[in-house]
Structure formats: structure tokens, C-alpha cells
Amino acid sequence: MQSSITVRVPAKVNAQLAVGGRRSDGYHGVASVFFSVGLYDEVTVTPADRLRITVAGTDAAFVPTDPSNLAAKAALLLGARYGIEPNVHLHIDKGIPVAGGMAGGSADGAAALVGCDALWGTGADRSVLLELAAELGSDVPFSLTGGVALGEGRGERLTPVPTAGSFHWVFATAEGGLSTPAVYGECDRLRELTGGSSDTEVPVPATDPALLEALRTGDPGALGAALRNDLQAAALSLRPALADTLRAGTDAGAIGALVSGSGPTCAFVAKDAAAAAALAAALTASGTCRTARPAEGPVPGAVLVRRPLVPAPNGPVSRAD
Ligand code: C5P
């Protein structure tokens, strides 16, 4: 019997987030260019007598350890699909900002799906994992696939986007998170204030060809120029100080800046690794954020990083690989 499985899963930034009108189910249609970046959570799944969650990392105190945690929901959902009691200990090592607009919760949901699937030997098809992921949340399918992808519908319908090489980002985290539903709600409120009262008056969300071209050719300057987030005004309305963070990054030489997803993390593009390191240092010193970290992308989605532990023929436990 395996004793544990560890899955590593990256954060995302939306290089573009075009938000349409609110649908009858309460969600908003989006055209989202998801971009996976090298800030990671690790989720370790171990058999236990009941489902439980523990969390480690700087922001651990802000992560729910009750059934509202997407990792717990993932274990329950996969277990229900295959008739397995989800008696596992899910340990989350948090490297992704919590409630930061970088899909940290979604990442843990995706990692738990992959980890439980491996631990239980369910052998779920990729298509089943993607379907369960979409049930867990709009951003969870992308956390499974990683890379760069266009997300349509509410963000769960993915099409891979071709990219060349690696891009260099810097992420400035804020003190405290923002609630995604609250930011979408503020977006609706601001649209109503500015005259777009009916949902049908909001244009159908679409992707900017200039962004796709920047990604295809690996051009960081063109990527920086094409960044766009329709939730940014709402995030700034709820957290006006983010304008200072964005300005500090631009003043320090960023070639593109935007709020990541529903925020409050701010994302910046740099031309290379050295520029990203310098930008992160300048942002940290600016006093306009809690901390700033460079990260490259794209990177793969949720992957097993440790093989199951198995008993060696003549002795103690050893790695299967
Ligand atoms: O899908 P998920 O559970 O992550 O979404 C959280 C909330 O964010 C939704 O309940 C909804 O209020 C908002 N949302 C939205 N439109 C989307 C995605 C999320 O309005 N496309």
C-alpha cells in the first residue's frame, strides 16, 4: 500500500481577462488567456482514518481546513465518482498567494484530484479529471493543464495557446486577499454606474490577436503592451492602493503591468530574468506591496513530484523510482 503522493501545481495569471455580461447562472462569460507561472503549491495525499486537511506556509492561517477547501471537495468528488471513501490526509504546502487572484485554491483542487487519483489507483481518464475539475471551479481545469490556454464559457472550456520560449513575470502580493465574487459584483456595479445596465449591452468577450501574436513569437514587449484585465477597475475600486503598486512597478521599469485575475496580486512583465530580479527588488523596497517575487512561465499544470513509497523487498520503505 502506497504511503503518500505529492503533487506540485502552479499559480496562474490572466494575461488577458475579457469579462462579458452576467449569465442567468450568475457567472460571467469570459475570454481568459490563462498563463501558468512558477509559483507553486504542493499537496501531499496520505491515507488516513478520515478526510482532513493541514496547511503550511506563510499564509497558512488564511486557508480554510474545513470542507469548503477545494482540495477536500476534490477528494469527495473523485471518491463519489469511483465509490471510494475519501479517507485521506491532504497536506497543502502553500507557495501561491492566498485569495490573491492567482488561482491558489483552484490549484489545490486540481492537485488533490491528481493526487487522490494516483493514491487510489482510480486511473481516471484525463477527460473525467477535467470534467470534475470544471465542477469544482471555473479555474480548476486550467490548474490541471497548465501551459497557456484560452478559457471560454466561465473559464473552464480550454484551448491551448501556442507560445515560444519563456516569459519573465514579477508578482507583488498584497496584505489580505480579495473575494472573487465580490470583485465580479463590483465589476457589475461599476458597469451599471457607467450606463451598461443591461447584461446584453456588455460586448461578447474576445481575445486580442496582438496578445496571441506576442505569445506565439515570444515577444515580452508585445506581451507587456497587450495585457488587459476587465476586472482591474473593480479590484482598484475595492483596493485603491493597488494603483500605487502598479505605478511603482512601471516606474521601476516593468514593460507591462496589471492586476492578476480578481486581485489583489499585481503582475508585471520584465524583459529577462535579470530585469525581473531587479524589478522584484525595487517593488519590495517601494513599500507598496507585501513582497514581490519573480516567476517564469509557462510551466506544466499539476504533476506528481514523488512516486509512491513502496516496501523494498528486503528492508525499509524506498521510493518506487
Ligand atoms: O467558479 P468559481 O467557484 O471559482 O467562481 C467563484 C465565483 O466567482 C462565482 O461564484 C462567481 O461569483 C464569480 N465568477 C463569475 N464568472 C466567472 C467565474 C467566476 O462571476 N466566469
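Residues numbered from 1 in each chain as written. Predicted model: local features only at pLDDT ≥ 70, side-chain atom pairs only at ≥ 80, totals over all residues. Heavy atoms only, no water.

As recorded in an unreviewed UniProt entry, the chain goes by the name 4-diphosphocytidyl-2-C-methyl-D-erythritol kinase, listed as coming from Streptacidiphilus alkalitolerans. According to the UniProt record, the Catalytic activity (unreviewed entry) comment for the chain reads "4-CDP-2-C-methyl-D-erythritol + ATP = 4-CDP-2-C-methyl-D-erythritol 2-phosphate + ADP + H(+)". Recorded in UniProt under Sequence similarities (unreviewed entry), the annotation for the chain is "Belongs to the GHMP kinase family. IspE subfamily." (UniProt positions renumbered as here; feature names shortened; annotations may be inferred.)

J.: Would you mind showing me how to read the pattern of salt bridges here?
T.: Between side chains of opposite charge, pairing is possible as soon as their charged atoms come close. A full pass over the atoms with the stated rule returns 13 salt bridges. Between Asp25 and Arg23 there is a salt bridge, and its shortest N-O distance comes to 2.7 Å. Taking relative accessible area as the criterion, Arg23 reaches 30% and is therefore assigned partly exposed. In this structure, the salt-bridge partner of Arg290 is Asp59, at a minimum N-O distance of 3.1 Å. Highlighted residues: Arg290 in the loop between α10 (273-286) and β11 (291-297) and Asp59 in the loop between β3 (52-56) and α1 (70-82), separated in sequence by 231 residues. (Salt bridge = Lys/Arg side-chain N within 4 Å of Asp/Glu carboxyl O. Buried < 20%, exposed > 50% of the residue type's maximum accessible area, 1.4 Å probe, protein only. Helix = DSSP H or I, 4+ residues; strand = E, 2+ residues; numbered from the N terminus.)

J.: Explain the UniProt feature "binding site: ATP" (unreviewed entry) in the chain to me, please; I cannot follow it from the model alone.
T.: Annotation from UniProt places "binding site: ATP" (unreviewed entry) at Pro97, Val98, Ala99, Gly100, Gly101, Met102, Ala103, Gly104, Gly105, Ser106 and Ala107. Take Gly100: it is sitting in the loop between β4 (88-93) and α2 (104-120). Discounting residues that sit within four places of it in the chain, Gly100 has contacts with Ser260, Gly263, Pro264 and Thr265. Structurally, the position occupied by Gly101 is in the loop between β4 and α2. For Gly101, the contacting residues outside a window of four places in its chain are Lys12, Ser260, Gly261, Ser262 and Gly263. (Contact = heavy atoms within 4.5 Å.)

J.: Please explain the packing of α1 against α2 as it appears in this structure.
T.: Angle between the axes and distance between the axes are the two parameters that describe a pair of packed helices. As a packed pair, α1 and α2 sit with axes 7 Å apart at the nearest point and diverge in direction by 40 degrees. Note on packing geometry: the crossing formed by α1 with α2 is right-handed. Two secondary-structure elements touch here, α1 through Leu70, Ala71, Ala74, Ala75, Leu78 and Gly79 and α2 through Gly105, Ser106, Asp108, Gly109, Ala112, Leu113, Cys116, Asp117 and Trp120. Among the residues forming the contact of α1 with α2, the class breakdown is nine nonpolar, four polar and two charged. (Axes fitted to C-alpha atoms, helices over the stretch in contact; angles between N-to-C directions. Left-handed = near helix turned anticlockwise from the far one by under 90°. Nonpolar A, V, L, I, M, F, W, Y, C, P; charged D, E, K, R; others polar.)

J.: Please explain α10 as it appears in this structure.
T.: Each full turn of the α-helix corresponds to 3.6 residues, which orients residues three or four apart in the same direction. In a regular helix each residue adds 1.5 Å, so 14 residues correspond to 20 Å; α10 covers 20 Å between its end C-alpha atoms and thus fits that length. Restricting attention to buried positions, one finds in α10 the residues Ala276, Leu279, Ala280 and Leu283. Down the axis of α10, the buried set is contained in an arc of 100 degrees. They therefore lie on one face. Along α10, the residues that are exposed and aim more than 90 degrees away from the buried face are Ala274 and Ala285. (Expected span 1.5 Å × (residues − 1). Arc of directions from axis to C-beta.)

J.: Quick question: what am I supposed to make of the pairing of strand β1 (residues 5-22) here?
T.: A regular strand places its side chains on the two faces of the sheet in alternate fashion. Burial analysis of β1 places 16 of its 18 residues in the buried class, the great majority of the element. The pairing of β1 with strand β2 (residues 28-47) spans 15 bridges and is classified as antiparallel. What sits directly across from Ala11, in β2, is Val37. Here β1 folds back onto β2, and the loop between the two strands holds five residues, one of which, Gly26, carries a positive phi near 95 degrees. (Pairing = 2+ DSSP bridges.)

J.: Help me understand the site of the ligand in this model?
T.: Near the ligand the following residues occur: Gly26, Tyr27, His28, Val30, Gly137, Ser138, Arg154, Thr180, Pro181 and Tyr184. Residue His28 places a side-chain N or O atom 2.7 Å away from an oxygen atom belonging to the ligand. Protein chains shield 74% of the accessible area of the ligand, which is 450 Å² for the free molecule. Sorting the residues of the shell around the ligand by element identifies β2 and α5 (180-193) as the ones contributing at least two each. Counting residues per element, the shell around the ligand draws most heavily on α5, at three residues. Grouping the constituent residues of the shell around the ligand by class yields four nonpolar, five polar and one charged. (Near = heavy atom within 4 Å. Polar contact = N/O pair within 3.5 Å; in protein donor to acceptor, adjacent residues only side chain to side chain. Areas by Shrake-Rupley, 256 points an atom, 1.4 Å probe, with all protein chains shown as cover.)

J.: Would you take a moment to explain the nonpolar core for this structure?
T.: Within the largest apolar cluster, 65 residues are counted, with the highest numbers of intra-cluster contacts made by Val37, Leu90, Trp169, Phe171, Leu215 and Leu223. No other element matches α2, which puts nine residues into this core. Each residue touching Leu223, except ones within four places of it in the same chain, is listed here: Ala15, Phe167, Trp169, Leu211, Ala214, Leu215 and Val269. Within the second largest apolar cluster, 27 residues are counted, among which are Val19, Ala174, Val183 and Ala280. (Core = buried A, V, L, I, M, F, W, Y, C linked by side-chain atoms within 4.5 Å.)

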